[in-house]
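# Descriptive structure summary
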Amino acid sequence: MTNLPIPTADPATKAEIIDWLERFFACVREVDFKSAYPFWHDDIVIFGTYQELVRSRQAWTDTQWSNVWPRTKDFTLDAANTEVLLSGDGSMAVAILPWTSTGWNKDGTEFDRPGRATIVLQKQPDGRWLGVHSHMSLGRGVPQDSHGNRPIKAR
């Protein structure tokens with residue numbers, strides 16, 4: 001029995017998804033919830049570092065974004081090592097990506113805070129990609145807690 005090949009996205013679609021990720025990551029760096037909302041479906045289902053399973057963008061904002069974005073900085077996509085898969089009909093993409101960030105210890109010293117993510121995006125009738133699932137996790141051995149306190153730019 002032969003398996004189908006992995007459904008790797010074509011270069012143009014991969015570039016669209018990388019652009020989407022870069023624009024969303026900029027919102028995280030700016031701690032700008034309001035600008036990040038349009039990237040995600042209202043009824044998203046996610047896994048995160050603070051919650052096992054969250055349903056809805058509002059619950060995600062309240063439980064995950066509020067506990068992570070202000071407490072970290074420098075959230076950066078490793079675009080060179082990002083993989084993008086694409087459904088046969090082009091309506092769904094999966095981004096598999098490493099990322100980096102910086103956290104703060106209780107004493108104010110910084111530490112590297114790398115992680116990885118799987119993000120599922122659905123192509124909308126108007127051509128936009130919209131995130132419908134996200135699962136982010138820290139790398140092995142990375143401290144779960146960061147003690148930064150940056151202000152939220154916009155809710």
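The coordinates are above.
Let me begin by describing the structure that accompanies this report. Since we're looking at a predicted model, the values are computed, not measured.

Inspection of the entire model under this criterion finds five salt bridges. Here Asp-42 and Arg-57 are joined by a salt bridge, their closest N and O atoms 3.0 Å apart. Pair noted here: Asp-42 is in strand 1 (residues 40-47) and Arg-57 is in helix 3 (residues 57-68), with a separation of 15 residues, a long-range link.

Ranked by size, the top nonpolar core spans 38 residues in total, and within it Phe-24 and Ile-119 carry the most contacts. The dominant element in this core, judged by the number of residues it contributes, is helix 1 (residues 11-30), at eight residues. Those residues in contact with Phe-24, other than ones at most four positions away along the chain, are Ala-36, Phe-39, Trp-40, Trp-65, Trp-69 and Met-136.

Alignment of strand 1 against strand 8 (residues 129-138), held across four bridges, turns out to be parallel. Bridge pairing in strand 8 places Phe-47 opposite His-135. In the sheet, strand 1 pairs with strand 2 (residues 54-55) via two bridges, with the strands oriented antiparallel. What sits directly across from Val-45, in strand 2, is Arg-55.

Rules behind the numbers
- Residues numbered from 1 in each chain as written.
- Predicted model: local features only at pLDDT ≥ 70, side-chain atom pairs only at ≥ 80, totals over all residues.
- Heavy atoms only, no water.
- Salt bridge = Lys/Arg side-chain N within 4 Å of Asp/Glu carboxyl O.
- Helix = DSSP H or I, 4+ residues; strand = E, 2+ residues; numbered from the N terminus.
- Core = buried A, V, L, I, M, F, W, Y, C linked by side-chain atoms within 4.5 Å.
- Buried < 20%, exposed > 50% of the residue type's maximum accessible area, 1.4 Å probe, protein only.
- Contact = heavy atoms within 4.5 Å.
- Pairing = 2+ DSSP bridges.

All quantities given are derived from atomic positions and should not be read as evidence of function.
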